[in-house]
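# Structure at a glance
The chain contents come next:
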Amino acid sequence: MSTYVDFSYRIEGTAADLAIARTAILDFQAECQGWDGMEDVPVTAEDGSLRWSGYTTMDIEPFDRKMANLTRGKAMRVWAYQGCTDGCCESGLSLFEKGSFCVVDRWEADIGIRSALAAIELSNGSDINATLILIDRVKIGCRDGWDGDDWTHLLAAGVCTLLVAQAVNEHPELLKSSMAAEALMGVCEDMRDARKALRKFKAMDKTAIKEIDGLLAAIEGLEIGAVAKTCQPAKRLAVRI
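Structural notes, computed from the coordinates. Note that the coordinates shown come from a computational prediction; the quantities given were computed from them, not determined experimentally.

A few words now on the packing of aromatic side chains. The tally for this structure, following the rule as stated, stands at 11 aromatic pairs. A centroid spacing of 5.9 Å and a plane angle of 15 degrees characterise the contact between tyrosine 9 and tryptophan 52, whose relative ring orientation is stacked. Taken as a pair, tyrosine 9 in strand 1 (residues 5-12) and tryptophan 52 in strand 3 (residues 50-56) lie far apart in primary sequence, 43 residues in all. In this pair, the class of tyrosine 9 matches that of tryptophan 52, namely buried. Following the ring pairs from residue to residue traces out a cluster consisting of Phe7, Tyr9, Phe28, Trp35, Trp52 and Phe63.

This is the structure in structure tokens:
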């Protein structure tokens with residue numbers, strides 16, 4: 001049996017570039033009639049980029065080569081994400097630009113293109129919105145749950161927790177953002193549960209667990225600070241002599 005692979009594309013460029021990309025996607029779908037998971041049409045996102053997602057058991061590399069060629073001589077950029085939980089648990093993000101192709105990063109979990117792009121944003125600098133996207137992915141993974149036979153969602157939650165930990169370690173100013181701090185405190189219990197399961201199933205190495213522990217300690221500091229603010233001592237009444 002072939003392995004199911006989830007794929008997602010984010011295409012950036014001029015209106016003319018995106019029209020060309022949309023045609024290329026529709027042509028590819030027409031060529032692949034009968035393939036499962038290829039039915040969704042490309043859509044324009046709020047930020048103006050073109051998005052297309054689906055899943056397949058077939059080789060999508062010919063389409064990737066076509067998209068890479070489309071970027072030649074244009075300002076078009078194509079982010080290509082693939083994730084798998086069928087027989088393995090991994091994902092990767094590639095970038096097609098100026099006719100070339102490169103693998104940007106890989107993860108040992110299927111975290112989705114939003115989290116993958118957020119991870120890249122955080123690798124380039126402090127970004128609160130990217131941090132919030134990863135925190136949200138931790139919530140989703142913990143909500144979907146896991147057991148001893150299926151760690152798919154645990155690994156997604158664990159990898160995204162690790163990415164947040166690395167971002168906070170690299171950019172400690174993120175903790176000074178009220179939005180990020182509030183979101184971290186809100187997801188702390190989920191992160192603790194994921195950390196406990198990751199250790200139980202030996203699903204992550206000790207170095208990664210240590211980094212997660214550092215994040216949990218930082219969140220505990222935020223929680224202590226928040227409690228201290230709400231427990232200010234009452235003003236003493238003036239004493240009359």
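Resuming the write-up.
There is a patch of nonpolar side chains on the surface, built from Leu26, Val41 and Val43 and spanning about 250 Å² of accessible area. Structurally, the position occupied by valine 43 is in strand 2 (residues 43-44). Relative accessible area serves as the criterion here: at 44%, valine 43 is assigned to the partly exposed category.

With that settled, the discussion passes to the nonpolar core. Generally speaking, nonpolar side chains in soluble globular proteins are found buried as a group. Among the nonpolar cores identified, the biggest contains 51 residues, and Leu93, Trp107, Ile111, Leu184, Met191, Met204 and Leu215 are the most heavily contacted of them. Looking at this core, the elements that each hand over two or more residues are strand 4 (77-84), strand 5 (90-97), helix 3 (113-124), helix 4 (128-144), helix 5 (152-170), helix 6 (178-200) and helix 7 (206-230). The leading source of residues in this core is helix 5, at 11 residues. Counting residues in each nonpolar core, the second largest holds 21 residues, with Phe7, Val78, Ala80 and Phe96 among its members.

Taken in spatial order, the six strands make up an open sheet running 2-3-1-4-5-6, and their pairing is antiparallel. For this open sheet the edge positions go to strand 2 and strand 6 (100-107), each flanked by a neighbour on one side alone. In this sheet, strand 6 lies alongside strand 5 in antiparallel orientation, the contact comprising seven bridges. Counted as the bridge partner of serine 91 is tryptophan 107 from strand 6.

Of the two faces of strand 3, only one is covered, namely that formed by Leu50, Trp52, Gly54 and Thr56; the face formed by Arg51, Ser53 and Tyr55 stays uncovered. Sheet topology places strand 1 next to strand 3; seven bridges connect them, and they run antiparallel. From the neighbouring strand, arginine 10 faces strand 3, where its bridge partner is arginine 51. Counting the residues between successive antiparallel strands, the hairpin from strand 2 to strand 3 contains five residues, one of them, glycine 48, with a positive phi of roughly 95 degrees.

Taking 1.5 Å per residue, 23 residues should reach 33 Å; helix 6 reaches 33 Å between its end C-alpha atoms and fits that length. Of the positions making up helix 6, those classed as buried are Ala180, Ala181, Ala183, Leu184, Val187, Cys188, Met191, Ala194, Arg195, Ala197 and Leu198. A positive phi of about 55 degrees marks lysine 202, the residue just after helix 6.

For the pair helix 4 and helix 5, interaxial distance at closest approach is 8 Å and the crossing angle is 155 degrees. When the axes of helix 4 and helix 5 are compared, the pair comes out roughly antiparallel. Helix 4 and helix 5 meet at a crossing whose hand is left-handed. Residue-level inspection shows Thr131, Leu134, Ile135, Arg137, Val138, Gly141, Cys142 and Asp144 of helix 4 in contact with helix 5, the latter providing His153, Ala156, Ala157, Cys160, Thr161, Leu163 and Val164. Looking at the contact of helix 4 with helix 5, its residues break down into nine nonpolar, four polar and two charged.

What follows concerns the pairing of strand 5. In terms of burial, strand 5 is largely enclosed, as six of its eight residues are buried. The sheet contact formed by strand 4 and strand 5 spans eight bridges and is antiparallel. The residue of strand 5 that forms the bridge with alanine 80 is serine 94. From the end of strand 5 to the start of strand 6, which pair antiparallel, there are two residues, and lysine 98 there has a positive phi angle of about 55 degrees.

Cut-offs and rules
Residues numbered from 1 in each chain as written. Predicted model: local features only at pLDDT ≥ 70, side-chain atom pairs only at ≥ 80, totals over all residues. Heavy atoms only, no water. Phe/Tyr/Trp six-rings, centres within 6.5 Å; stacked < 30°, edge-to-face > 60°. Helix = DSSP H or I, 4+ residues; strand = E, 2+ residues; numbered from the N terminus. Buried < 20%, exposed > 50% of the residue type's maximum accessible area, 1.4 Å probe, protein only. Patch = residues over 30% accessible without salt bridge, like charges linked within 9 Å, V, L, I, M, F, W, Y side chains within 5 Å. Areas by Shrake-Rupley, 256 points an atom, 1.4 Å probe, with all protein chains shown as cover. Salt bridge = Lys/Arg side-chain N within 4 Å of Asp/Glu carboxyl O. Core = buried A, V, L, I, M, F, W, Y, C linked by side-chain atoms within 4.5 Å. Pairing = 2+ DSSP bridges. Expected span 1.5 Å × (residues − 1). Axes fitted to C-alpha atoms, helices over the stretch in contact; angles between N-to-C directions. Parallel < 35°, antiparallel > 145°, perpendicular 65-115°, else oblique. Left-handed = near helix turned anticlockwise from the far one by under 90°. Contact = heavy atoms within 4.5 Å. Nonpolar A, V, L, I, M, F, W, Y, C, P; charged D, E, K, R; others polar.

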